[in-house]
Amino acid sequence: MLTTLQTAYSDTRAADLAWALGREPLPALAVLDLQFEEVKLQLRLLGASHQVLLEEGRGTCSETVACIPGSSTPLPLGVAKRFGEWEYEFAARVETLTEGAFAGRAQELLALVADHPHGLAGTFPGSPHAFTALLAQRTEGQVRWRTWHAYPQEGQLVVTRTRVGMRVQSPAL
């Protein structure tokens, strides 16, 4: 699903993005609700980037990547955490592209996500290449999502990938 977000482009630098796990739901400009067997997943576009809410019988998880006023947790390159019976893995990277390469990559990603049943993308007013996009899937007992945060004025694309899966229990001796 592709939408135009009716808000000012508030996170205008890749370096301003922060990461948080476990935040309460923030006001969203666009939402896509997904059901993967027993797992409910909500993809949320914020005025300041994205939030993903996961709910399953064993617990909940929320991931926020956004410009969060007062946040002291910058965007990490990688995180691995355990919570309850779940394992959470997050990775991020920043791609710096030329203007022409950026425009082509932006069009490619928006086309991929817009037509995908588990994808949500929003463009910001002012630039057709200023966008946030999310794409989710469930495979082999895991829920995964990828995100893209575009900063055309800097020629930067922030790419994240997340995996949440059941923790493997050691057999009792």
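The structure this text deals with has already been given above.
Since we're looking at a predicted model, the values are computed, not measured. (Residues numbered from 1 in each chain as written. Predicted model: local features only at pLDDT ≥ 70, side-chain atom pairs only at ≥ 80, totals over all residues. Heavy atoms only, no water.)

*Asks:* What should I look at first to understand the overall build of the protein in this one?
*Replies:* Across its full length, the protein holds one helix and twelve strands. Secondary structure elements of the protein, listed N to C terminal, follow the sequence β-β-β-β-β-β-β-β-α-β-β-β-β. Relative to the compact-globule value of 16 Å for 173 residues, the protein shows a C-alpha radius of gyration of 16 Å, a close match. In terms of overall dimensions, the protein has a C-alpha envelope of 60 × 35 × 30 Å along the principal axes. Of all 173 residues assigned to the protein, the portion counted as buried reaches 47%. The contacts in the protein between residues at least 6 apart in sequence include a share of 57% that link residues at least 24 apart. A total accessible area of about 8,700 Å² is found for the protein, and carbon and sulfur atoms account for 51% of it. Taken together, the 15 basic and 18 acidic charged side chains of the protein have centroids lying 5 Å from each other. (Helix = DSSP H or I, 4+ residues; strand = E, 2+ residues; numbered from the N terminus. Rg over C-alpha atoms; globule rule 2.2 N^0.38 Å. Buried < 20%, exposed > 50% of the residue type's maximum accessible area, 1.4 Å probe, protein only. Contact = heavy atoms within 4.5 Å. Areas by Shrake-Rupley, 256 points an atom, 1.4 Å probe, with all protein chains shown as cover. Lys, Arg positive; Asp, Glu negative; His and termini not counted. Charge placed at Lys NZ, Arg CZ, Asp CG, Glu CD.)

*Asks:* Before we go on, may I ask you to explain the nonpolar core in this structure?
*Replies:* A general feature of soluble globular proteins is that nonpolar side chains tend to end up buried together. Ranked by size, the top nonpolar core spans 38 residues in total, and within it L41, L43, L54 and W145 carry the most contacts. Broken down by element, this core gets its largest block of residues, five residues, from strand β4 (residues 39-46). Among all residues touching L41, those that are not within four sequence positions of it are L32, D33, L34, F36, V52, L53, L54, A136, V143 and W145. Formed by 13 residues, the second largest nonpolar core is a distinct cluster that contains L109, L110, L135 and L157. (Core = buried A, V, L, I, M, F, W, Y, C linked by side-chain atoms within 4.5 Å.)

*Asks:* Sorry, what's going on with the pattern of salt bridges here?
*Replies:* Throughout the structure, instances matching the rule amount to eight salt bridges. E87 is paired through a salt bridge with R163; the nearest N and O atoms lie 3.7 Å apart. Separated by 76 residues along the polypeptide, E87 in strand β8 (residues 86-96) and R163 in strand β12 (residues 156-166) bring together distant segments of the chain. Under the relative-accessibility criterion, R163 is labelled buried at 13%. Notably, a salt bridge pairs R105 with E95, separated by 3.5 Å at the nearest N-O pair. In this pair, R105 is assigned in helix α1 (residues 99-114) and E95 in strand β8, connecting sequence segments ten residues apart. (Salt bridge = Lys/Arg side-chain N within 4 Å of Asp/Glu carboxyl O.)

*Asks:* Please explain the layout of surface pockets as it appears in this structure.
*Replies:* To locate leftover empty space, one rolls a probe as large as a water molecule over the atoms. Looking at the largest pocket, its volume works out to about 230 Å³. E89, F90, A91, L135, A136, Q137, R144, W145, R146, R161, T162 and R163 are the residues that line the largest pocket. For the lining of the largest pocket, the elements supplying multiple residues, two or more each, are β8, β10 (131-139), β11 (142-151) and β12. In the lining of the largest pocket, the residues fall into five nonpolar, two polar and five charged. (1 Å grid on protein atoms, 1.4 Å probe; cavity = no way out; pocket = protein on both sides within 12 Å on 5 of 7 lines; lining within 4 Å. Points joined across faces, edges and corners; volume = space filled by probe spheres on them. Nonpolar A, V, L, I, M, F, W, Y, C, P; charged D, E, K, R; others polar.)

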